[in-house]
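# Coordinates in review
Now for the letters of each chain:
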Amino acid sequence: MSELELMAEADRRARSYLEGIEQRLPFPDQAARAGLSVFSELLPDEGRDAVETLQMLDIHGSPATTASNGPRYFGFVIGASLPAAAAAERLMLAWDQCAATYDTSPIAATIEKIAGRWLLDALDLPRESAVGFGTSATACALSCLSAARRSLLLRQGWDIERDGLFGAPEIRVVVSETVHITVRKALRLLGFGSVHLVTAPVDAYGRIDPDRLPPLDEKTILCLQAGEVNTGEFDPLAVLIDAATKAKAWVHVDGAFGLWARTSSRRALTEGIEGADSWTTDGHKWLNTPYDGAVAICRDAEALAQAMNSDAVYATASADAQKNLTLEFSRRARGIPIWAALRTLGRAGVAQLVDRHCNEAAWLADRLRESGFDVLNRVVLNQLVVRYGTDEQTAQIRQTVIDTGAGWFGMTVWQGRPALRISLSSWRTEHQDVAGLAEALSTAARN
Ligand SMILES: *Cc1c(COP(=O)(O)O)cnc(C)c1O
């Protein structure tokens, strides 16, 4: 089979997968998972046939996917893939661009620059900021926090690029009690061991309590949250950022999914966020772009460009080339699916997507309360944390609902109590899917 025929065959199989996405179980059943044993083969000495390889992947692989690209996947904050973003990604595969610099790909460099500007516009963040397109909110937090570390040390007269960390002035890092684990990971990789992190106590909703904010100074990085991973709550950004600005601390905001609230009628949650120094958000969660694609946004463009610089004699580029703003040197153009999503949704479409999920989450919370569930969070966004009766009943209800195929969602522990964690973030999720989930949960609770 020729290359083009093989690609057409892959397309045919992809189309057939998508045609069935609404019927697919959110989590593959036991038989489908058992089918994965066919992949347990030894590395072949001689190459195998490409068509047969594709067939194997589809026949045994497709059934063992989670239907996270479908309408009833309520786990984590996964999001699906918007058709326009997935189509752009498909074309990009044929291009196979290395989107490091203008020299390696004029089209990638051009569109990513525009996508960066559009993001600052959509999210209403300082227009002078640098925008780096990285693999994940984790990697982008690492980039932003590197810029923070560099800047605060430079102010103390310390050049980290030259002198490294040994003997450097101490940088304090203040994080929320409910900080996301990946921000901890980024800090750990940057040399801020866990005993050096100062924990800011939170209020009953899991937001940093401004009255108990640890002291800040010009050697402090304050990490805030726009969208806590369980509850979707926002730290009181305006008052905290105001305090940090007065103390000349650096503020980094983890907005992996929550930052998108700023585009919607929930914008008030993000009030004051524009005063921070750096922000991270994902495309692959709430914007519904394919994996993997995220953004590092840094007000001080020069700080990010210096911290992430990777110019070499054989590969020089402008300070704002993507390879100088992100961890990756060779990379695909993650900004292009984000550009395609923004272009096809428009400002209004992004707002509608976010609002629809928030409204559905509020509706679901009401239904579940009526059915006797304890809704542990305030449901300010797209996240629900719920329990029913005992820990055992709660876990049993989850399993029953998953078995019916009405939805998949995970468990969490909120304020010491195991609970179901339900997220609404797929563009495919319609009211009937949420109603189906409510019905399945209520039925499981009654029995
Ligand atoms: C998912 C998430 C992250 C990490 O994002 P990745 O893209 O998975 O690295 C960080 N913070 C919050 C609040 C998240 O929900």
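Residues numbered from 1 in each chain as written. Predicted model: local features only at pLDDT ≥ 70, side-chain atom pairs only at ≥ 80, totals over all residues. Heavy atoms only, no water.

### Describing the packing of helix H11 (residues 335-370) against helix H13 (residues 431-446)
Relative orientation and spacing of two packed helices are given, respectively, by the angle between their axes and the distance between those axes. Keep this limit in mind: For helices, the fitted line uses only the C-alpha atoms of the stretch in contact; every axis is such a line through C-alpha atoms, and the angle between N-to-C directions lies from 0 to 180 degrees. Numbering of helices and strands runs from the N terminus; a helix is a DSSP stretch of H or I covering at least four residues, while a strand is a stretch of E covering at least two. Roughly parallel refers to an angle under 35 degrees, roughly antiparallel to one over 145, roughly perpendicular to one between 65 and 115, and oblique to any angle outside these ranges. Less than a right angle of anticlockwise turn of the near helix away from the far helix marks a crossing as left-handed, whereas a clockwise turn marks it as right-handed. The contact rule is simple, with two residues in contact once any of their heavy atoms fall within 4.5 Å.
Axis separation between H11 and H13 bottoms out at 10 Å; the angle between their running directions is 20 degrees. Looking at the two axes, H11 sits roughly parallel to H13. For the pair H11 and H13, the crossing hand works out as right-handed. Residues Glu-360, Trp-363, Leu-364, Arg-367 and Leu-368 of H11 form the contact with H13, whose participating residues are His-431, Val-434, Ala-435, Leu-437, Ala-438 and Leu-441.

### As for the sheet that holds strand E1 (residues 130-134)
Across a sheet, strands are paired by hydrogen bonds formed along the backbone, either parallel or antiparallel in direction. For clarity, the threshold we go by: Should DSSP find at least two bridges between two strands, the strands are regarded as paired.
Strand order in this open sheet of seven strands is E1-E7-E6-E5-E4-E2-E3, and the pairing throughout is mixed. Unpaired on one side and paired on the other, E1 and strand E3 (197-200) mark the two borders of the sheet. The average angle at which neighbouring strand axes cross in this sheet is 20 degrees, direction not considered. On top of the sheet, helix H5 (residues 106-122) reaches E1 and strand E7 (294-298); it is set at about 115 degrees to E1, its chief contact.

### Comments concerning the pairing of strand E11 (residues 417-423)
Where we set the bar: Burial classes: relative accessible area under 20% of the type maximum marks a residue as buried, over 50% as exposed, and values in between as partly exposed (1.4 Å probe, protein chains only).
Of all seven residues that make up E11, five are buried, and the element is covered over most of its length. Strand direction decides the pairing type here: strand E9 (residues 383-387) and E11, joined by four bridges, are antiparallel. The residue bridging Val-385 from the neighbouring strand is Arg-421, located in E11. Across five bridges, the pairing between strand E10 (residues 410-414) and E11 is antiparallel. Across the sheet, the residue bridging to Gly-410 is Arg-421, located in E11. In sequence, E10 turns back onto E11 through a hairpin of two residues, with Gln-415 there showing a positive phi of about 50 degrees.

By themselves these figures say nothing about function.
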